[in-house]
Amino acid sequence: MARFVRTRRRFLELAGSGAVVGIAGCLGGGGGQQETETEATTEAADDDHDEERPEGVSAEEFERGPVPEPYRTALSQANERRDPDDLFTKEAVKFQEADDAVEAGLTEAGRNCGNCAEYIPDKNGDGFGACAKVEGYIGPEDWCSLWESIEEAEAEEGEDGGETASVV
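Structural notes, computed from the coordinates. None of the values given here were measured: they were computed from a predicted structure.

Parameters at a glance
Residues numbered from 1 in each chain as written. Predicted model: local features only at pLDDT ≥ 70, side-chain atom pairs only at ≥ 80, totals over all residues. Heavy atoms only, no water. Phe/Tyr/Trp six-rings, centres within 6.5 Å; stacked < 30°, edge-to-face > 60°. Helix = DSSP H or I, 4+ residues; strand = E, 2+ residues; numbered from the N terminus. Buried < 20%, exposed > 50% of the residue type's maximum accessible area, 1.4 Å probe, protein only. Salt bridge = Lys/Arg side-chain N within 4 Å of Asp/Glu carboxyl O.

This part is about the packing of aromatic side chains. Where two aromatic rings form a pair, the distance of their centres and the angle of their planes describe that pair. A full pass over the atoms with the stated rule returns three aromatic pairs. With a centroid separation of 5.1 Å and 90 degrees between ring planes, the pair formed by Phe 62 and Phe 128 is classed as edge-to-face. Here Phe 62, found in helix H3 (residues 59–64), pairs with Phe 128, found in the loop between strand E2 (119–120) and strand E3 (130–131); they are 66 residues apart in sequence, far enough to count as distant. You'll find Phe 62 and Phe 128 in the same group, each marked buried. Taking 6.5 Å as the distance between ring centres and 85 degrees as the angle between the ring planes, the aromatic pair formed by Phe 128 and Tyr 137 counts as edge-to-face. Accessibility expressed as a relative area gives 11% for Phe 128, which makes it buried.

Shown next as structure tokens:
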């Protein structure tokens, strides 16, 4: 009888352990499958982002530079020279798509990098330019808190001959 009790107890221990392992597998133990789904989602997001960047430009270069040589020290639309050693980060100037900035109440419709005094238009046909004040690649449909009309900048330059821009 003692042998039967030990065997039955051992059977119950093993059966209970198997049930716990089976339940754990159903509740999230399929790590390989989840990782595959997560990796696929991340890769899809990276692919989408690649379409937004010029070919061969990494996400880091796109955000922080360096920009191609024609932009490095180029003149902006209001003739301000870009200084690659004195640039704001995109985060510091609330950089974003102009439509998103309008939606957030940060600016008025029609204000974007394409009509900003600091913008350096596309020089190499990739659809992106640069900025005299902000690091990285800049698209004409973007916006940041440094936005200034070309006319205002030219008027200020005429008044004091200086280059002025401030973070809003």
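What follows continues from the structure just given.
Considering all chains together, one arrives at six salt bridges under this definition. The closest approach of N and O atoms between Glu 60 and Arg 64, which form a salt bridge, is 3.8 Å. Here the residue Glu 60 and the residue Arg 64 both occupy positions in helix H3, the gap between them amounting to four residues, near one helical turn. On the accessibility criterion, Arg 64 (40% relative accessible area) is partly exposed. Each of the salt bridges in this network shares a partner with another, and the network as a whole consists of Glu 60, Arg 64, Glu 91 and Glu 135.

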